[in-house]
Amino acid sequence: MLTASASGPMAASVTARNLAGAPIAAEIKARVKADVAAFRKRNGYTPTLAVVLVGRDAPSAVYLQQILRTCKSVGIDGRLVEIPGRASAARLRNAIVALNEDPLVAGIIVQMPLPKRIPLTTVTGTLDPAKDIDGIQPINAGHLLLGHSGFLPTTAQAAIEILKRSGIPIAGRRAVVVGRSNVVGKPAALLLLRENATVTVCHSHTTDLGAHLRLADIVVVAAGKPGLITGEMLKRGAVVVDVGINVVGDRIVGDVDAGSVAAVASALTPVPGGVGPVTNALLMTHLVRAAEAQVRSESPGPRPRRPAVVGGRA
Ligand code: NAD
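Peer 1: Where do I start with the sheet that holds strand E4 (residues 105–110) in this structure?
Peer 2: One key point about sheets: their strands pair by backbone hydrogen bonds, in either a parallel or an antiparallel sense. With parallel pairing, three strands are arranged side by side in an open sheet as E3-E2-E4. Two strands in the sheet have a free side with no partner beyond their single neighbour: strand E3 (77–83) and E4. Going across the sheet, the axis of each strand differs from the next one's by a mean of 20 degrees, ignoring polarity. Contacts from helix H2 (residues 58–74) reach strand E2 (48–54), E3 and E4 within the one sheet, and its direction differs from that of E2 by about 170 degrees.

What follows is the structure in structure tokens.
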């Protein structure tokens, strides 16, 4: 059960099941750890996840440190590549090309947002699709749209993975996704559709958000607006996945008003501790999958040479 922090008439009847991310993340990471050990034994080297940070955005740096810690916990080499905030788009492109060609690097993520001067296409147009383990470049986005296997955007995947691993039925149910970004909202909607939900996507131009939400059995919120969703906007018993991460004063909160929502919903992901840990754990599974595919040279696109390291770096 979630403990509602809000006071008021709804706080008295808290019912929502707490869909904590930690146990799911732990399960996924235990499996990845074993897979990494087996990979190392078979191939004689440890695959690397490169995380690229452009500039000194503090929240991004914190997020990347979490990823590097997760890498360490499962035996993956994490490599932080820092590029000065004033660097040109060409410099970022060159750094990505070097990582594309580095045989030890199995996966690359570039922290967003980029400085305004650097177009997103610098990243999406340069990343080798075989190393794009967060599914941001067009080939992987196309695979997602077509329902083919590719690298899924991990945050959206985490939202759906939490539902599936918590035994929440999706097929045939009405789902509303709030937010239509390329990284979370759109992919979450496509993944819910893949699971046979009937999906509505709401966004900043949606009029009467509550009218849509009140019909929803499943709500996935990724708007970046604290307190956007309140209990009175929901159908009783709805399942709510809160993807939002917002810093309010010295607290991190999601996009839902947890107190009033927990009183109406049947299940709710907490923030922090819901989608975030599962996202990082899934990223590790993508890294191992990328490394395996690269060793087998099955992936499309330009292939890096396999590292000539035998029993060396572990
Ligand atoms: P974004 O700013 O790119 O997109 C926000 C979306 O929300 C837009 O499509 C916009 O139309 C919609 N929106 C904004 N205000 C709205 C309103 N009043 N009503 C309805 N829709 C509205 O953000 P994003 O990158 O998709 O991230 C969304 C949130 O998810 C942020 O809080 C971000 O920090 C968080 N996030 C969490 C994780 C994680 O691992 N948990 C990962 C990525 C992003």
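Peer 1: What should I look at first to understand the sheet that holds strand E6 (residues 198–202) in this one?
Peer 2: Ordered by their spatial adjacency, six strands build an open sheet running E1-E11-E8-E7-E5-E6, and the pairing between neighbours is parallel. Each end of this open sheet is capped by a strand with a single partner; those strands are strand E1 (17–18) and E6. Examined bridge by bridge, strand E5 (residues 174–178) and E6 share five bridges and lie parallel to one another. When the sheet's bridge partners are listed, Val178 is paired in E6 with Cys202. Packed on one face of the sheet, helix H7 (residues 185–194) meets E5, E6 and strand E7 (218–221) and runs near 170 degrees to E5.

Peer 1: What's the story with helix H10 (residues 275–296) in this structure? I'm lost.
Peer 2: Under the 1.5 Å per step criterion, the end-to-end length of H10 is 32 Å for 22 residues, consistent within 8% with the ideal 32 Å. In terms of burial, H10 is a largely internal element, 17 of the 22 residues being buried. Following H10 by one or two positions, Ser297 adopts a phi angle in the positive range, close to 50 degrees.

Peer 1: When you look at the side chain of Gln111 in this model, what are you seeing that I'm missing?
Peer 2: You can see Gln111 is positioned in the loop between E4 and helix H4 (121–124). In contact with Gln111, not counting residues within four places along its chain, are Val52, Leu53, Ser60, Tyr63 and Leu64.

Peer 1: What is the right way to read helix H6 (residues 154–165) from this model?
Peer 2: Each α-helix turn comprises 3.6 residues. Residues three or four places apart therefore point the same way. For H6, with 12 residues, the first-to-last C-alpha span of 15 Å sits near the 16 Å given by 1.5 Å per residue. Of all the positions in H6, only Thr154, Ala156, Gln157, Ala158, Ala159, Ile160, Glu161, Ile162 and Leu163 are classed as buried. On its buried face, H6 is in contact with helix H1 (22–43), H7, E7, strand E8 (239–242) and H10. Of the residues one or two after H6, Gly167 is the one with positive phi, at around 75 degrees.

Peer 1: Would you mind going over the packing of H1 against H2 with me for this structure?
Peer 2: Helix-helix packing is described using two parameters, namely the angle between the two axes and the distance between the axes. At a closest axis distance of 8 Å, the pairing of H1 and H2 adopts a crossing angle of 60 degrees. Overall, the two elements H1 and H2 adopt an arrangement that is oblique. On the side of H1, the interface is formed by Lys29, Val32, Lys33 and Val36, while H2 contributes Thr70, Ser73 and Val74. In terms of residue class, the contact of H1 with H2 is built from three nonpolar, two polar and two charged.

Peer 1: What is the right way to look at the packing of aromatic side chains in this model?
Peer 2: Between two aromatic rings, the relevant description is the distance of the centres plus the angle of the planes. In total, this model carries one aromatic pair according to the counting rule given. With a centroid separation of 5.3 Å and 75 degrees between ring planes, the pair formed by Phe39 and Tyr45 is classed as edge-to-face. The same class applies to Phe39 as to Tyr45, namely buried.

Peer 1: I would appreciate a short explanation of the site of the ligand in the present structure.
Peer 2: Residues in close proximity to the ligand total 21 residues, the closest being Arg180, Ser181, His203, Ser204 and Ile245. For the ligand, an oxygen atom lies 3.0 Å from a polar atom in the backbone of Ile245. If you tally residues by element for the shell around the ligand, the top one is H10, at three residues. In terms of residue class, the shell around the ligand is made up of nine nonpolar, 10 polar and two charged.

About the criteria used
- Residues numbered from 1 in each chain as written.
- Predicted model: local features only at pLDDT ≥ 70, side-chain atom pairs only at ≥ 80, totals over all residues.
- Heavy atoms only, no water.
- Pairing = 2+ DSSP bridges.
- Helix = DSSP H or I, 4+ residues; strand = E, 2+ residues; numbered from the N terminus.
- Axes fitted to C-alpha atoms, helices over the stretch in contact; angles between N-to-C directions.
- Contact = heavy atoms within 4.5 Å.
- Expected span 1.5 Å × (residues − 1).
- Buried < 20%, exposed > 50% of the residue type's maximum accessible area, 1.4 Å probe, protein only.
- Parallel < 35°, antiparallel > 145°, perpendicular 65-115°, else oblique.
- Nonpolar A, V, L, I, M, F, W, Y, C, P; charged D, E, K, R; others polar.
- Phe/Tyr/Trp six-rings, centres within 6.5 Å; stacked < 30°, edge-to-face > 60°.
- Near = heavy atom within 4 Å.
- Polar contact = N/O pair within 3.5 Å; in protein donor to acceptor, adjacent residues only side chain to side chain.

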